[in-house]
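# Observations on the model geometry
Residues per chain, in single letters:
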Amino acid sequence: MASTLPDNWFEGFEARDFEVNGTSIFARFGGNTQGPALLLLHGFPQSHVMWHRVVQALKARFFLVLPDLRGYGDSSKVAGLPDHSNYSKRNMAADALAVMDALGLSRFDVCGHDRGGRVAHRLALDHPGRVRKLCLIDIAPTLDMYEATDMRFATAYYHWFHLIQPNPLPETMIGGNPLPYLHAKLGGWGAKGLSYIEAEALLEYERCFCTPEAIHAACEDYRASAGIDLVHDRDSRARGEKIACDTHVLWGERGVVQQLFQPLDLWQAQCAGIVSGQALPAGHFIPEELPLETAHALHTFFK
């Protein structure tokens, strides 16, 4: 089924499939062609559509690039390799960088939410000369979150441990009735239900997620995070690699990050630049729950 998004959500933006890094990445791009470039990376279980209201508030100032991550939205959803390396955050960051290369954008700002924040983190570590400033939304560092796992975290983020089980167990369980699973995820983590999502956006998330290929790709994303991504993160820390640029962190007052972690302290420990940030009165899905507040924070930080 093809997308049926309202025309005005991304009016003036071009949509293209980019054949990069051995895969096909769908992305929209547009806005102020003379303004600074800003790469926006979405999270699970969504697509670039999650940014549509933020885009309306930023497009006069920034040239915006909104890809669907590998395995999500309308990007390719290939089978995972035995070591899940094709869904590593390093590989997904390389996808995003290749899209920016194809658009001729050598230096840019990056903002990532959820899984997109983890891709953005790796992008900033692996390619410090390309990222001017970084914003991370509602995450703490992956390695720190896994190493701090206790009953509270495992209960709140049980999907981190369910999705990493060997194929095809989680794929079969979710695929048996994917719609209520998707709705439970979109309405959870402090979001207080689905009322923050427009009907058109919800239909788009359903279209893109509720297929065997997409469910498998999401599982591979999380399998990579529990395996090869931790190897990469530990190697980076052992070498003393840190985020080189200033970093801004946003998190939801009703979310798990607020309840269980100290995001500013954890990110400052991994950043050579200045880390700033704040909690916002939202759950996990901040860009959709508070689009104007999110846009204001991005405009202020990236100015």
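One structure accompanies this document, and this report is about it. (Residues numbered from 1 in each chain as written. Predicted model: local features only at pLDDT ≥ 70, side-chain atom pairs only at ≥ 80, totals over all residues. Heavy atoms only, no water.)

## Describing the pairing of strand E1 (residues 14-20)
Which entries qualify depends on this criterion: Strand pairing is defined by DSSP finding a minimum of two bridges between the two strands. Helical segments are the DSSP runs of H or I of at least four residues, strand segments are the runs of E of at least two, and each set is numbered from the N terminus.
With 7 bridges connecting them, E1 and strand E2 (residues 23-31) associate as antiparallel partners. Within the sheet, the bridge partner assigned to valine 20 lies in E2 and is threonine 23. The turn joining E1 and E2, which pair antiparallel and follow one another in sequence, is formed by 2 residues; a positive phi near 55° is taken by asparagine 21.

## Looking at the side chain of serine 236
Selection criterion: Any two residues whose heavy atoms approach within 4.5 Å are treated as being in contact.
Along the chain, serine 236 falls in helix H11 (residues 228-238). For serine 236, the contacting residues outside a window of four places in its chain are Arg122, Leu125 and Glu241.

## Some points on the sheet that holds strand E6 (residues 131-137)
Selection criterion: For helices, the axis comes from a line fit to the C-alpha atoms of the stretch in contact; other axes are also lines fit to C-alpha atoms, and the angle between any two N-to-C directions lies between 0 and 180 degrees.
Read across the sheet, 8 strands follow the order E1-E2-E4-E3-E5-E6-E7-E8 without closing on themselves; strand pairing throughout is mixed. Lying at the two open borders of the sheet, with one neighbouring strand each, are E1 and strand E8 (275-280). Averaged over all neighbouring strand pairs, the angle between strand axes comes to 20°, with direction disregarded.

## Let's talk about helix H8 (residues 178-186)
Just so we agree on the cut-off: Summary of the burial criterion: residues with accessible area below 20% of their type's maximum are buried, those above 50% are exposed, and those between are partly exposed, where the area comes from a 1.4 Å probe applied to protein chains only. Starting at the helix axis, one direction is taken to each C-beta atom, and the arc is that of these directions.
Within H8 the residues assigned to the buried category are Pro178, Tyr181, Leu182, Lys185 and Leu186. Along H8, the residues classed as buried sweep out an arc of 130° about the axis, all on the same side. Buried-residue contacts for H8 involve helix H6 (159-162), helix H7 (169-175), helix H9 (199-209) and helix H10 (212-225).

## What to know about the pattern of salt bridges
How we decide: A pairing counts as a salt bridge when a side-chain nitrogen of Lys or Arg comes within 4 Å of a carboxyl oxygen of Asp or Glu.
Under the defined criterion, the tally for this structure stands at 20 salt bridges. Linking aspartate 221 and lysine 89 is a salt bridge whose minimum nitrogen-to-oxygen distance equals 2.9 Å. In this pair, aspartate 221 is assigned in helix H10 and lysine 89 in helix H2 (residues 89-102), connecting sequence segments 132 residues apart. By the burial criterion, aspartate 221 is buried, and lysine 89 matches it. With a closest N to O distance of 2.8 Å, lysine 89 and aspartate 229 form a salt bridge. Within this pair, whereas lysine 89 is found in helix H2, its partner aspartate 229 is found in helix H11, the two being separated by 140 residues in sequence.

## Remarks on the packing of H8 against H9
Packed helices, taken two at a time, are described by the angle between their axes plus the distance between the axes. For clarity, the cut-off: Throughout, the term roughly parallel applies to angles under 35 degrees, roughly antiparallel to angles over 145, roughly perpendicular to angles from 65 to 115, and oblique to all others. Note on convention: the crossing is left-handed when the near helix lies turned anticlockwise from the far helix by less than a right angle, right-handed when the turn is clockwise. Note on residue classes: Ala, Val, Leu, Ile, Met, Phe, Trp, Tyr, Cys and Pro are nonpolar, Asp, Glu, Lys and Arg are charged, and everything else, Gly too, is polar.
At a minimum axis separation of 11 Å, H8 and H9 run at an interaxial angle of 130°. What the angle tells us is that H8 and H9 run oblique. Here H8 runs over H9; the crossing is right-handed. The residues of H9 that touch H8, namely those facing Leu179, Tyr181, Leu182, His183 and Leu186, are Leu202, Tyr205, Glu206 and Phe209. By residue class, the composition of the contact of H8 with H9 is 7 nonpolar, 1 polar and 1 charged.

## With respect to unusual backbone geometry
With omega at -5°, the peptide bond leading from phenylalanine 44 into proline 45 counts as cis. In this fold, proline 45 is placed in the loop between strand E3 (37-41) and helix H1 (52-58). We note that asparagine 21 has phi near 55°; this positive angle belongs to a residue other than glycine. For asparagine 21, a relative accessible area of 36% gives the class partly exposed.

## Description of the packing of H2 against helix H3 (residues 115-126)
Close contact between H2 and H3 brings their axes to 8 Å; oriented N to C, the two are set at 80°. In this view, H2 runs roughly perpendicular relative to H3, as classed from their interaxial angle. Mapping the contact onto sequence places Lys89, Arg90, Met92, Ala93 and Leu97 in H2 and Arg115, Arg118, Val119, Arg122, Leu123 and Asp126 in H3. Across the contact of H2 with H3, the residue classes tally to 5 nonpolar, no polar and 6 charged.

## Overview of the environment of isoleucine 197
Looking at the element boundaries, isoleucine 197 is found in the loop between H8 and H9. The class of isoleucine 197 is buried, set by a relative accessible area of 9%. When the C-alpha atoms of isoleucine 197 and threonine 142 are compared, they prove to be 27 Å apart, with 55 residues separating the residues in sequence. Aside from chain neighbours lying at most four places away, what touches isoleucine 197 is Leu186, Leu202, Tyr205 and Glu288.

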